[in-house]
Amino acid sequence: MLQSKFLAAAGLALALSAGTVLAPSNAQAQGTLRIGMTASDIPLTTGQPDQGGEGQRFTGYTIYDSLINWDLTSADKPSDLVPGLATSWAVDATDKNKWIFKIREGVKFHDGSTFDAEAAVWNFEKLLNQQAPQFDPRQSAQGRTRIPAIASYRAVDKYTLEIMTKSPDATLPYQIAWIMNSSPAQWEKVGKSWENFAKTPSGTGPWKLTNFVPRERAEMVPFAEYWDKTRVPKLDKLILIPLPEASARTAALRSGQVDWIEAPAPDAIPSLKSAGFAIVTNAYPHNWTWHLSRVEGSPWNDIRVRKAANLAVDRDGIKELLSGLAIPAQGFFPPGHQWFGEPKFKLKHDLAEARKLMTEAGFSASKPLTTKILIAPSGSGQMQPLPMNEAVQQGLAEAWIKVDFEVVDWNTLINIWRAGAKHETSRGATGMNYTYFIQDPFTGFIRHLQGNLAPPAGTNWGFYNDPDMDKLFDQVRNTFDKDGQTAVLKKIHEKYVDEALFLMVTHDVNPRAMSAKVKGFVQAQNWFQNFSSISMAP
């Protein structure tokens, strides 16, 4: 039944999006790769992309660099941090609030200007200082909440940057890896206008944007002077095309309008394989959840309801719906993860136990709990959200939890997430379907549930507040020893699961479908990918 409903949803999606599929084009130049994204628009090109992790993948780590980058060269192990525009970074031995970053010498922006410590300060100002001439509200909305630890920053000299944190925070390097660096000189050149900068951006990354048409396409060419010669692209051109509907992306791939698609429709994968297309998958730090509101009056404040919902989900059925392209959740992090620990609450499909808990909470078949959840029809990491959410909805209905959905565009959902469950844009919803990048302690745990990171200070969307959890988060920040930090993170994950703090459904395997002509791609265990190693066969 779930499979048939997916097919019906896919058919509807194709009908709705038929106008977005590109008309057949002439043969592409050798070395041009055309990618169909799940986003409905080209992500923001000014430095801090919108559109979630997919935005960072396509217009972040392509056009720009961070002080600290991710190693995207291996498919066999989880990605780790590597030097980017900073060659080294370290916390001061006597003052754990002080960090020193050594800036890489000789790095040029696409416009020919030099990256140095002053340029790094300028980029922090564009996100954090509303009085700075270059402050950009759109970029700030994407980047400010990524770096809550930062108190101040200054250029000690041309190639030395000092960052002070509000309190000791061992997770700072992971936060910094989100912040992309735009060219101050280019911003000046285009009239100190971010709108103009978006059309002709300048970063230090391996790709230069040469053509940008909102909602239609973005074209990039290699930056031959890129500082890391191992990442100078082999392709002649990279083209990004927004195709938010899975069936439209699949149709575009079959017809030769694109060479590569993100998140192919699961039911289409067998026929794509038969037609000679490659299906590439790999584990990566992802989960597919419902983020639950904990504001006053939310039904999710009752742990019995939260546990009942988790027991009502048929995760194996959802995996089957996705043609096996999923890892059923056993926790917030995937099974086998080094931070998983030993939670006592088991995420299984147990309708009898779910109904027992709902009975204890005062609900029944004749008196169901009724609530509203926000969802998006597509988006970065959202997998196949319409049929998946319908499957969850069916399971919860059997446990006397009646869910109504409000469907909004993915970028709108992100803005609601940033605004918080108390904000009027949340429209009275008590939860939202949101997928998370869970690669480091801050993005994986802290930002979701720390009490003082509720909006607008951060992205604790549900306004969860538990002093015991906050104490664990403080331990993580103050533990600079990796083994000691891991022990604390296990306790945090156990609390996440044992208290059923989210509706935990599945983990993606990041499927992509591509032409056999695509060569040299190594799918890193990361939300971001390296396109520089790719070439196109004739």
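1. Some details on the packing of helix α10 (residues 303–312) against helix α12 (residues 351–360)
- One can describe the packing of α10 onto α12 by two numbers: an axis separation of 8 Å at closest approach and a directional angle of 160°. Looking at the two axes, α10 sits roughly antiparallel to α12. α12 is crossed by α10, and the crossing has left-handed handedness. Note on element contacts: α12 touches α10 through Leu351, Glu353, Ala354, Leu357, Met358 and Glu360, opposite Arg304, Val305, Lys307, Ala308, Leu311 and Ala312.
- Residue composition of the contact of α10 with α12, grouped by class: eight nonpolar, no polar and four charged.

2. Digging into the sheet that holds strand β9 (residues 217–222)
- The seven strands lie next to each other as β8-β9-β10-β1-β11-β19-β12, forming an open sheet whose pairing is mixed. Every other strand in the sheet has two partners, leaving β8 (207–213) and β12 (278–280) as the edge strands with one partner each. Averaged over neighbouring strand pairs, the angle between their axes works out to 20° when direction is ignored.
- As judged from the three bridges shared by β9 and strand β10 (residues 237–242), these two strands associate in the antiparallel manner. Bridge pairing in β10 links Met220 to Leu238.
- Contacts from helix α8 (residues 246–254) reach β1 (32–37), β11 (260–262) and β19 (512–514) within the one sheet, and its direction differs from that of β11 by about 170°.

3. A word on the packing of aromatic side chains
- Evaluation of the coordinates by the stated rule reveals 33 aromatic pairs.
- With 5.0 Å between their ring centres and 65° between their planes, Trp178 and Phe437 make a pair best called edge-to-face. Of this pair, Trp178 sits in the loop between α5 (172–176) and α6 (184–189) while Phe437 sits in strand β17 (residues 431–437), and the two are 259 residues apart along the sequence. You'll find Trp178 and Phe437 in the same group, each marked buried.
- Pairing Trp410 with Tyr434 gives two aromatic rings, centres 5.3 Å apart and planes at 35°, and the pair type is tilted. In this pair, Trp410 is assigned in helix α14 (residues 410–419) and Tyr434 in strand β17, connecting sequence segments 24 residues apart.
- In this structure Trp410 comes out as buried when scored by relative accessible area, which is 4%.
- Linked through ring pairs, Phe332, Phe333, Trp339, Trp410, Trp417, Tyr434, Tyr436, Phe445, Tyr496 and Phe502 together constitute an aromatic cluster.
- Cation over ring: Lys96 sits above Phe480, and NZ or CZ is 5.2 Å from the ring centre.

4. Re the environment of Ile446
- Here Ile446 is to be found in helix α15 (residues 441–449).
- Judged by relative accessible area, which is 0%, Ile446 ranks as buried.
- When neighbours within four sequence positions are excluded, Ile446 is seen to be in contact with Thr171, Pro441, Leu453, Phe473, Val476 and Arg477.

5. Structural notes on the pairing of strand β15 (residues 369–375)
- The element β15 is extensively covered by neighbouring structure, given that five of its seven residues are classed as buried.
- Of the pairings in the sheet, the one linking β15 to strand β16 (residues 401–407) comprises seven bridges and is parallel in character. For Ile373, the partnering residue across the bridge sits in β16 and is Phe405.
- A crossover connection joins β15 to the parallel β16 through helix α13 (residues 385–398); in handedness this β-α-β unit is right-handed.

6. Here we look at the pairing of strand β4 (residues 86–91)
- Examined bridge by bridge, β4 and strand β5 (residues 98–103) share five bridges and lie antiparallel to one another. Bridge pairing in β5 links Val91 to Trp99.
- Between β4 and β5, which pair antiparallel and follow one another directly, the connecting turn spans six residues.

7. A word on helix α2 (residues 52–60)
- Most of α2 sits inside the fold, with eight of its nine residues counted as buried.
- Along α2, the residues classified as buried are Gly53, Glu54, Gly55, Gln56, Arg57, Phe58, Thr59 and Gly60.
- Against the buried residues of α2 lie β1, β9, β10, β11 and β19.

8. As for the side chain of Thr506
- Note on placement: Thr506 falls in strand β18 (residues 502–508).
- Exposure remark for Thr506: the relative accessible area of 2% places this residue in the buried category.

9. A word on the environment of Ala248
- Residue position: Ala248 is located in helix α8.
- Once the C-alpha coordinates of Ala248 and Ser366 are considered, the two residues, 118 residues apart in sequence, prove to be 41 Å apart.

10. Structural notes on the side chain of Ser293
- Within the secondary structure layout, Ser293 lies in the loop between β13 (286–292) and α10.
- Discounting residues that sit within four places of it in the chain, Ser293 has contacts with Ser298, Trp300, Asn301, Ala421, Thr430, Gly431, Trp461 and Gly462.

11. Comments concerning α10
- Among the 10 residues in α10, seven count as buried, and that is most of the element.
- For α10, the full list of buried residues reads Val305, Arg306, Ala308, Ala309, Asn310, Leu311 and Ala312.
- The opening residue of α10 is Asp302, an N-cap whose side-chain oxygen sits 2.8 Å from the backbone nitrogen of Arg304.

12. Considerations on the sheet that holds strand β6 (residues 150–157)
- With antiparallel pairing, four strands are arranged side by side in an open sheet as β4-β5-β7-β6. Sheet topology places β4 and β6 at the edges, where each strand pairs with a single neighbour. Going across the sheet, the axis of each strand differs from the next one's by a mean of 20°, ignoring polarity.
- Across the face of the sheet, helix α3 (residues 117–128) comes into contact with β5, β6 and β7 (160–165) while running at roughly 160° to β6.

What counts, and at which threshold
Residues numbered from 1 in each chain as written. Predicted model: local features only at pLDDT ≥ 70, side-chain atom pairs only at ≥ 80, totals over all residues. Heavy atoms only, no water. Axes fitted to C-alpha atoms, helices over the stretch in contact; angles between N-to-C directions. Helix = DSSP H or I, 4+ residues; strand = E, 2+ residues; numbered from the N terminus. Parallel < 35°, antiparallel > 145°, perpendicular 65-115°, else oblique. Left-handed = near helix turned anticlockwise from the far one by under 90°. Contact = heavy atoms within 4.5 Å. Nonpolar A, V, L, I, M, F, W, Y, C, P; charged D, E, K, R; others polar. Pairing = 2+ DSSP bridges. Phe/Tyr/Trp six-rings, centres within 6.5 Å; stacked < 30°, edge-to-face > 60°. Buried < 20%, exposed > 50% of the residue type's maximum accessible area, 1.4 Å probe, protein only. Lys NZ or Arg CZ within 6 Å of the ring centre and 35° of its normal. Right-handed = clockwise from strand over helix to strand, strands pointing away. Polar contact = N/O pair within 3.5 Å; in protein donor to acceptor, adjacent residues only side chain to side chain.

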